[in-house]
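Spelled out, the chains give:
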Amino acid sequence: IAAAYQKDYLRNPEINVVVAEQKSQSYAVIGAVQKPGNYFINRPVRLLELLAFAGGQTDDAGSRILVARTGSTWSCAANLDQSAEADIPLLDFKLKEVLELKQNLVMRPGDIVSVMDADIVYVYGNVNKQGQVTMKEPLTLTQAIASAEGLRPASDKDSVRVMRQKPGSLEREELVFNLKDINQQKAQDPYLEPNDVVAVGE
């Protein structure tokens with residue numbers, strides 16, 4: 001810069017360069033938040049504060065927050081090829097616990113925060129309201145049926161079927177539960193998984 005000024009404009013220029021803005025520490029927030037995007041914060045920040053920068057969760061948010069720790073923990077002299085091959089740590093938090101300050105991770109530059117959408121299960125058959133049930137918290141079979149406004153008369157409570165997709169496959173397995181035993185606490189009320197299909201027969 002001094003040489004450029006000296007060439008055509010000034011004699012013996014003295015140049016001072018001052019950093020006006022620093023954008024080396026970026027954090028990304030994606031998913032079910034009001035203002036997803038990249039945030040540049042040049043001071044220590046925690047997960048809850050970063051969520052506040054993103055405007056908080058939307059109505060479609062589920063119960064989980066994932067943090068992908070993509071920033072390198074290597075020194076500046078480390079081999080970049082080795083760093084690129086390293087596995088990216090993935091941290092899993094419950095949204096409710098973050099909002100209640102039971103969990104409040106100290107963020108690192110390069111972290112990507114993903115607020116997950118609510119999961120869905122499907123209830124159909126001999127219930128009062130067939131359709132989707134939103135899972136914003138862990139959901140049991142009886143809770144899903146209650147969300148479908150309960151059973152219609154003459155429902156088969158002895159064999160309520162749950163169709164569940166097998167991991168890594170398009171096939172579904174069928175699980176059968178006895179609602180009478182569950183209601184009488186003779187059997188445990190099972191937790192449903194995302195995309196389960198609950199079928200209540202007559």
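Worth saying up front: this structure is predicted, and the values here are computed from it rather than measured.

Trainee: Please give an account of the side chain of Arg164 that cites residues and values.
Mentor: Position of Arg164 among the secondary structure elements: in strand β8 (residues 160-165). For Arg164, a relative accessible area of 12% puts it in the buried group. A distance of 2.7 Å separates polar atoms of two side chains, one belonging to Arg164 and the other to Asp196.

Trainee: Requested: an account of the nonpolar core, with residues and values cited.
Mentor: With 21 residues, the main nonpolar core has Leu47, Leu50, Leu51, Ile65, Val67, Met107 and Val113 as its most contacted residues. Where this core is concerned, the elements lending two or more residues are β1 (26-31), α2 (47-53), β3 (61-69), α4 (95-99) and β5 (111-117). Sequence-distant contacts of Val67, defined by excluding residues within four places in its chain, comprise Leu47, Pro89, Leu90, Leu91, Phe93, Leu105, Met107, Asp111, Ile112 and Val113. Listed in part, the 17 residues of the second largest apolar core include Val127, Val133, Leu139 and Leu141.

Trainee: Describe a negative patch on the surface, and please don't skip the residues or the numbers.
Mentor: The grouping of Asp59, Asp60, Asp117 and Asp119 at the surface amounts to a negative patch. Its place among the elements puts Asp59 in the loop between α2 and β3. The class of Asp59 is exposed, set by a relative accessible area of 67%.

Trainee: Before we move on, could you go through a nonpolar patch on the surface and cite the residues and values that matter?
Mentor: Among the surface-exposed residues, Ile1, Tyr5, Tyr9, Leu10, Ile15 and Val17 lie close enough to one another that they form a single nonpolar patch of about 670 Å² accessible area. By the secondary structure assignment, Val17 is in the loop between α1 (2-8) and β1.

Trainee: Got a sec to walk through the sheet that holds β3? Specific residues and values, please.
Mentor: Pairing within the open sheet is mixed, and its 5 strands lie in the order β2-β1-β5-β3-β4. The open sheet is flanked by β2 (37-40) and β4 (90-94), the only strands paired with a single partner. When strand polarity is set aside, the average angle formed by the axes of neighbouring strands in this sheet is 20°. Of the strand pairs in this sheet, β3 and β4 are connected by 5 bridges, and their pairing is antiparallel. Among the inter-strand pairings, Leu66 is bridged to a residue of β4, identified as Asp92.

Trainee: Please set out unusual backbone geometry residue by residue, giving values where relevant.
Mentor: If a residue is not glycine, its phi is most likely negative; likewise, a peptide bond is most likely trans. If you check the backbone angles, Gln185 has positive phi at about 60° while not being a glycine. Here Gln185 lies in the loop between α6 (179-183) and β10 (197-200). A residue is classified by how much of its surface remains accessible, and Gln185, at 73% relative accessible area, is exposed.

Trainee: If you had to explain the pattern of salt bridges to someone new, which residues and values would you point to?
Mentor: Tallied over the full model, the rule gives 9 salt bridges. Note that Arg43 and Glu49 form a salt bridge whose closest N and O atoms lie 2.6 Å from each other. For Lys102, the salt bridge identified is with Glu100, shortest N-O distance 3.3 Å. Classification of Lys102 by relative accessible area gives exposed; the value is 60%. Residue Glu100 is classed as partly exposed on the basis of its relative accessible area of 40%. Here the residues in one salt-bridge network are Arg164, Glu193 and Asp196, joined through shared partners.

Conventions used here
Residues numbered from 1 in each chain as written. Predicted model: local features only at pLDDT ≥ 70, side-chain atom pairs only at ≥ 80, totals over all residues. Heavy atoms only, no water. Helix = DSSP H or I, 4+ residues; strand = E, 2+ residues; numbered from the N terminus. Buried < 20%, exposed > 50% of the residue type's maximum accessible area, 1.4 Å probe, protein only. Polar contact = N/O pair within 3.5 Å; in protein donor to acceptor, adjacent residues only side chain to side chain. Core = buried A, V, L, I, M, F, W, Y, C linked by side-chain atoms within 4.5 Å. Contact = heavy atoms within 4.5 Å. Patch = residues over 30% accessible without salt bridge, like charges linked within 9 Å, V, L, I, M, F, W, Y side chains within 5 Å. Areas by Shrake-Rupley, 256 points an atom, 1.4 Å probe, with all protein chains shown as cover. Salt bridge = Lys/Arg side-chain N within 4 Å of Asp/Glu carboxyl O. Lys, Arg positive; Asp, Glu negative; His and termini not counted. Charge placed at Lys NZ, Arg CZ, Asp CG, Glu CD. Pairing = 2+ DSSP bridges. Axes fitted to C-alpha atoms, helices over the stretch in contact; angles between N-to-C directions.

What is shown is where atoms sit, not what they do.
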